[in-house]
Amino acid sequence: MSHQVKLLDAVRGQPRSVWVVAFAAVIAFMGIGLVDPILLSIAKGLNATPSQVTLLFASYLVVQVLAMLFTGVLAAKYGGKRTMVAGLALIVVFAGTCALAGSIGQLVALRAFWGLGNALFIATALSTIVAAASGGQTAAILLYEAALGLGISAGPLVGALLGSISWRGPFVGTSVLMLVALVLTATMLVRDQPSTRRVSVSAPFRALRDRRLLLVALSALLYTYAFFTVLAWTPFVLGYGAFAVGGIFFGWGLMVAVCGVVVGPRLAAKIGERNATMLALAMYGLLMLAFVWGSVPVVVVATIASGIASGCLNTFLTGMAMSVSQAPRPIASAGYNFLRWMGGAAAAILVGHLAEWGGSQRAPFVVAAVLCAGAVALMYAGREPNPHEVPAEAVVVGEQV
């Protein structure tokens, strides 16, 4: 059966609660690429430097990463619905107040609280969909992946459309959409049931003592650094307007979506998950070199093409993280994602400074290429057979957080 057929099967006959959470997930993931088309407009409107503007990603990601260590504890204590509603409420408030920011410092701080809300929602949404979906875990994760891809690809378009009016527009639009998601989640999801399950905050760090999981997580950290170098710095290299940047990153997001759900699983089944991961990492590293030496049209093509590798790597790396560890999946996922998204936060903090230190706007991509090579080496170092690892063809899609 083809992956396309499986995706069609996954969307048929799902309960209402699954669609509500999936819709909210689309809007939440839009926030990742929402600011890409308006980075130059924000810099101009708030008299900010490029390195200051990229802190919009850094504050968002640092808080999100740290908060994810506690979301399991909160969800276990208060329930998934309450945790998601709290997260959505924070996004509504702080996405809306971003539109009122009078300085880049205020905007960066407000994005940090937005990241907290995103952590509470996103880290709980997948487990909620898995629990409520018909057709098993595979169907649920396919729906979640589809929501992620749609959100990532739509974010730049929404940012460009509303950003053409004002850089404040995308923040207002996101707040309104998330308010709709909040109302639907609060009114249509079933009430949380009491739970006696206890989760330790230290459990994700204990899971990382497993060498196999640690190597995968470190590889993901290095790759995610390169990923956010593309996301946070490419608009400054291109110098295009909001609509052009939005269109380019829409194409990028489509590649992420299609390759994560369709291409990645097929490639892993054909050549093995670890080999496919090293191949995709090598491809990403080569694309980083195209960013370094290519003309602006080459950078446009490389940006869209990087979505092919990104979609595959999102699937491969998280699938491996879930299969190589003996820790429970939520615990292994928390430890893996803590390291993974720290790479994105580091990139957002450093890219602007690297361009200044290197005396070139292309300097950040040199570092990204080197780190991709390091990720390939780490994956090769962890190549020994693992009796607990599931077959590559069984990993249909990766768990995203």
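Remember, predicted model here, so these are calculated numbers, not experimental data.

About the criteria used
- Residues numbered from 1 in each chain as written.
- Predicted model: local features only at pLDDT ≥ 70, side-chain atom pairs only at ≥ 80, totals over all residues.
- Heavy atoms only, no water.
- Helix = DSSP H or I, 4+ residues; strand = E, 2+ residues; numbered from the N terminus.
- Contact = heavy atoms within 4.5 Å.
- Areas by Shrake-Rupley, 256 points an atom, 1.4 Å probe, with all protein chains shown as cover.
- Patch = residues over 30% accessible without salt bridge, like charges linked within 9 Å, V, L, I, M, F, W, Y side chains within 5 Å.
- Salt bridge = Lys/Arg side-chain N within 4 Å of Asp/Glu carboxyl O.
- Core = buried A, V, L, I, M, F, W, Y, C linked by side-chain atoms within 4.5 Å.
- Buried < 20%, exposed > 50% of the residue type's maximum accessible area, 1.4 Å probe, protein only.
- Axes fitted to C-alpha atoms, helices over the stretch in contact; angles between N-to-C directions.
- Parallel < 35°, antiparallel > 145°, perpendicular 65-115°, else oblique.
- Left-handed = near helix turned anticlockwise from the far one by under 90°.
- Phe/Tyr/Trp six-rings, centres within 6.5 Å; stacked < 30°, edge-to-face > 60°.
- Lys NZ or Arg CZ within 6 Å of the ring centre and 35° of its normal.
- pLDDT = per-residue confidence, 0-100.

### Examining the overall build of the chain
The secondary structure content of the chain amounts to 16 helices and zero strands. Sequence-distant contacts in the chain: of pairs separated by 6 or more residues, those separated by 24 or more amount to 86%. Summing over all exposed atoms, the chain offers an accessible surface of approximately 15,200 Å²; the carbon and sulfur share of this is 69%.

### Thoughts on a nonpolar patch on the surface
Together, Leu 55, Ile 349, Leu 350 and Trp 357 make up an exposed nonpolar region whose accessible area comes to about 380 Å². Among the elements that make up the nonpolar patch, the one with the highest residue count is helix α15 (residues 329-358) (three residues). Along the chain, the position of Leu 55 falls in helix α5 (residues 55-78).

### Observations concerning the nonpolar core
Ile 42, Leu 107, Phe 121, Phe 171, Tyr 284 and Met 288 are the most contacted members of the largest nonpolar core, which has 125 residues in total. With 17 residues, the single largest contributor to this core is helix α11 (residues 211-238). If sequence neighbours within four positions are ignored, Ile 42 has contacts with Asn 47, Leu 56, Ile 104, Leu 107, Trp 167 and Phe 171.

### Notes on the pattern of salt bridges
All chains considered together, the criterion is met by one salt bridge. Note that Asp 210 is salt-bridged to Arg 212, the shortest N-O span being 3.4 Å. We classify Arg 212 as partly exposed; its relative accessible area is 21%.

### Digging into the side chain of Asp 210
The topology assignment puts Asp 210 in the loop between α10 (203-207) and α11. Those residues in contact with Asp 210 that lie beyond four places of it in its chain are Val 324, Ser 325 and Gln 326.

### What to know about the packing of helix α12 (residues 242-271) against helix α13 (residues 273-293)
Working note: a packed helix pair is described by the angle between its axes plus the distance between those axes. At a closest axis distance of 7 Å, the pairing of α12 and α13 adopts a crossing angle of 120°. Relative to α13, α12 is oriented oblique. Taken as a pair, α12 and α13 cross one another with a handedness that is right-handed. Of α13, the residues touching α12 (which contributes Leu 267, Ala 268 and Ile 271) are Glu 273, Asn 275, Ala 276 and Leu 279.

### Brief notes about unusual backbone geometry
One non-glycine residue, Asn 47, lies in positive phi territory at about 50°. Tracing the chain through its elements places Asn 47 in the loop between α3 (39-45) and α4 (50-53). Among the residues examined, Asn 47 registers a relative accessible area of 71% and is labelled exposed.

### A closer look at the side chain of Ser 306
Along the chain, the position of Ser 306 falls in helix α14 (residues 296-324). Those residues in contact with Ser 306, other than ones at most four positions away along the chain, are Val 230, Trp 252, Tyr 284 and Leu 287.

### A look at the packing of aromatic side chains
Inspection of every chain in the model, using the stated rule, returns 14 aromatic pairs. Ring geometry for Tyr 60 and Trp 114: centres 6.2 Å apart, planes at 85°, overall edge-to-face. Here Trp 114 lies in helix α7 (residues 104-132) and Tyr 60 lies in helix α5, a separation of 54 residues in the sequence. Taken individually, Tyr 60 and Trp 114 each receive the classification buried, so the pair is uniform in this respect. Seen from their ring centres, Trp 114 and Phe 171 are 6.0 Å apart, and the 75° between their planes marks the pair as edge-to-face. Here Trp 114 is found in helix α7, whereas its partner Phe 171 is found in helix α9 (residues 169-188), with 57 residues between them in sequence. Through successive ring pairs, a cluster of aromatic residues spans Phe 57, Tyr 223, Phe 227, Phe 228, Phe 249, Trp 252, Tyr 284 and Trp 341. The ring of Tyr 60 has Arg 111 lying over it, and the distance from NZ or CZ to the ring centre is 4.2 Å. Lying across the ring of Trp 114, Arg 111 places its NZ or CZ 4.8 Å from the centre.

### Digging into the confidence of the model for the chain
Considering every residue of the chain, the mean pLDDT works out to 83; 87% of them sit at 70 or more. Looking at the elements of the chain, mean pLDDT is at its lowest for helix α1 (residues 3-11), recorded as 51, and at its highest for helix α16 (residues 363-381), recorded as 96. Contacts for the low-pLDDT stretch residues 1-5, under 50 throughout, to residues beyond four places or in other chains number ten contacts. Ignoring residues within four places in sequence, the model shows residues 386-401, a span with pLDDT below 50, making 57 contacts including any to other chains.

### Let's talk about the environment of Gly 87
Considering the arrangement of structural elements, one finds Gly 87 in helix α6 (residues 80-98). Put simply, Gly 87 and Leu 182 are 95 residues apart on the chain and 9.0 Å apart in space, counted from C-alpha to C-alpha. In this structure, Gly 87 is in contact with Gly 117, Leu 120 and Phe 121, ignoring residues within four places of it in sequence.

### Focus on the packing of α13 against α16
For the pair α13 and α16, the least separation of the axes is 8 Å and the interaxial angle reads 165°. Our classification of the angle between α13 and α16 gives roughly antiparallel. Handedness of the α13/α16 crossing: left-handed. Residues Arg 274, Thr 277, Met 278, Leu 281, Ala 282, Tyr 284, Gly 285, Met 288, Leu 289, Phe 291 and Val 292 of α13 form the contact with α16, whose participating residues are Phe 365, Val 366, Ala 368, Ala 369, Cys 372, Ala 375, Val 376, Met 379 and Tyr 380.

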